[in-house]
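# Results of the structural survey
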Amino acid sequence: MFISTLSSRASLGLRLALIVIAWLAVVLVLSTPVRAQAANLVSCTGTETVSFAPGLTNTPHPLTVTTADNFPVCIHASAPILMPATAQAQISRTASCLDLLGGGPGTRVLHWANGQTSTYSFVSSANVVNGNIVTVSTGTITDGLYKGASATGNVVLTPLLANGTLNLNDTCNSAQGMISASGTYIFNVLPL
């Protein structure tokens, strides 16, 4: 009886030790992404929609370009809170689909949910990948919240015709051209 009691206590101790080890492993695994995200001052996930009026074609012509960025999920490291942001821009210029891949300088003013703003001045480059427009930008927060910090943006846009065509070449070769493109936008403000 003494041996069976000792054996059941050892078995119970072993089970408790395994439970503690498993619990520590879960805590370690779940806390790893938090530490990785803490490297950024802000990490945002959202969408960008770009519209062209009249539609963008392979022939250069005057048009108005409107962008709308929406970041419903922005995690700020200073106080791990969720504070969404938005940004809008509108320009008039002469352009064609060939200009999509030119990249160049740009500016966006992000409007945070707390009423503050951040001005992101950047240089971008774009490529076509599987019919999508993939744009990467790098720059600096030049004014407002996080002034002086570096930032990056990654956008993957799918071009659309009014009839739902999803191919960049077909869209740019059509008479009506590309009227809009939308997709994912990941934006990060890096540590100072």
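The structure this text deals with has already been given above.
A brief structural summary. The structure presented is a predicted model; accordingly, all values stated were derived computationally and were not measured.

You can see E48 is positioned in strand 1 (residues 42-56). Among all residues touching E48, those that are not within four sequence positions of it are A68, D69, R108, V155, L157, A181, S182, G183 and Y185.

Attention shifts here to the pairing of strand 4 (residues 85-95). Where strand 2 (residues 61-76) meets strand 4, 11 bridges bridge the pair, whose relative direction is antiparallel. Across the sheet, residue P62 finds its bridge partner in strand 4, namely T94. One ladder, built from 2 bridges, connects strand 4 with strand 5 (residues 104-112); its direction is antiparallel. Counted as the bridge partner of T86 is H111 from strand 5.

What follows deals with the state of the cysteines. What the rule picks out here adds up to 2 disulfides. Put simply, C44 and C74 are joined by a disulfide, and their sulfur atoms are 2.2 Å apart. Residues C44 and C74 are joined through a disulfide that is right-handed, its torsion about the S-S bond being 120 degrees. Here C44 is found in strand 1, whereas its partner C74 is found in strand 2, with 30 residues between them in sequence. Residue class for C44 comes out buried when judged on its relative accessible area of 1%. Given the relative accessible area of 0%, C74 is considered buried. Each disulfide of the chain joins two cysteines, and with those cysteines numbered along the sequence the arrangement is 1-2, 3-4.

Attention shifts here to a nonpolar patch on the surface. Together, V73, I75 and L82 give the surface a local cluster of nonpolar side chains, amounting to about 240 Å² of exposed area. Mapped onto the elements of the fold, L82 is located in strand 3 (residues 81-82).

Given two aromatic rings, one states the distance between the centres and the angle between the planes to describe the pair. Enumeration over the complete set of coordinates arrives at 6 aromatic pairs. Relative to F187, the ring of F71 lies with its centre 6.0 Å away and its plane at 40 degrees, an arrangement referred to as tilted. Of the two residues, F71 sits in strand 2 while F187 sits in strand 9 (residues 178-189), which places them 116 residues apart along the sequence. Feature note: the residues F71, Y120, F122, Y185 and F187 constitute an aromatic cluster, connected by ring pairs.

Time to look at the environment of H111. Inspection of the secondary structure assignment puts H111 in strand 5. Put simply, H111 and A85 are 26 residues apart on the chain and 5.3 Å apart in space, counted from C-alpha to C-alpha. When neighbours within four sequence positions are excluded, H111 is seen to be in contact with P84, A85, T86, Q116 and T117.

The subject of this paragraph is the pattern of salt bridges. Scanning all chains against the criterion turns up 2 salt bridges. Residues E48 and R108 are paired through a salt bridge, measuring 3.7 Å at the closest nitrogen-oxygen approach. Of this pair, E48 sits in strand 1 while R108 sits in strand 5; the two residues are 60 residues apart in sequence, bridging distant segments of the chain. Across the pair R108 and D69 runs a salt bridge whose closest N-O atoms are separated by 3.2 Å. One end of the pair, R108, is in strand 5; the other, D69, is in strand 2, with 39 residues separating them in the sequence. Each member of the pair, R108 as well as D69, is classed as buried.

Cut-offs and rules
- Residues numbered from 1 in each chain as written.
- Predicted model: local features only at pLDDT ≥ 70, side-chain atom pairs only at ≥ 80, totals over all residues.
- Heavy atoms only, no water.
- Helix = DSSP H or I, 4+ residues; strand = E, 2+ residues; numbered from the N terminus.
- Contact = heavy atoms within 4.5 Å.
- Pairing = 2+ DSSP bridges.
- Disulfide = S-S within 2.5 Å.
- Buried < 20%, exposed > 50% of the residue type's maximum accessible area, 1.4 Å probe, protein only.
- Patch = residues over 30% accessible without salt bridge, like charges linked within 9 Å, V, L, I, M, F, W, Y side chains within 5 Å.
- Areas by Shrake-Rupley, 256 points an atom, 1.4 Å probe, with all protein chains shown as cover.
- Salt bridge = Lys/Arg side-chain N within 4 Å of Asp/Glu carboxyl O.
- Phe/Tyr/Trp six-rings, centres within 6.5 Å; stacked < 30°, edge-to-face > 60°.

Limitation: the analysis is restricted to geometry and does not speak to function.
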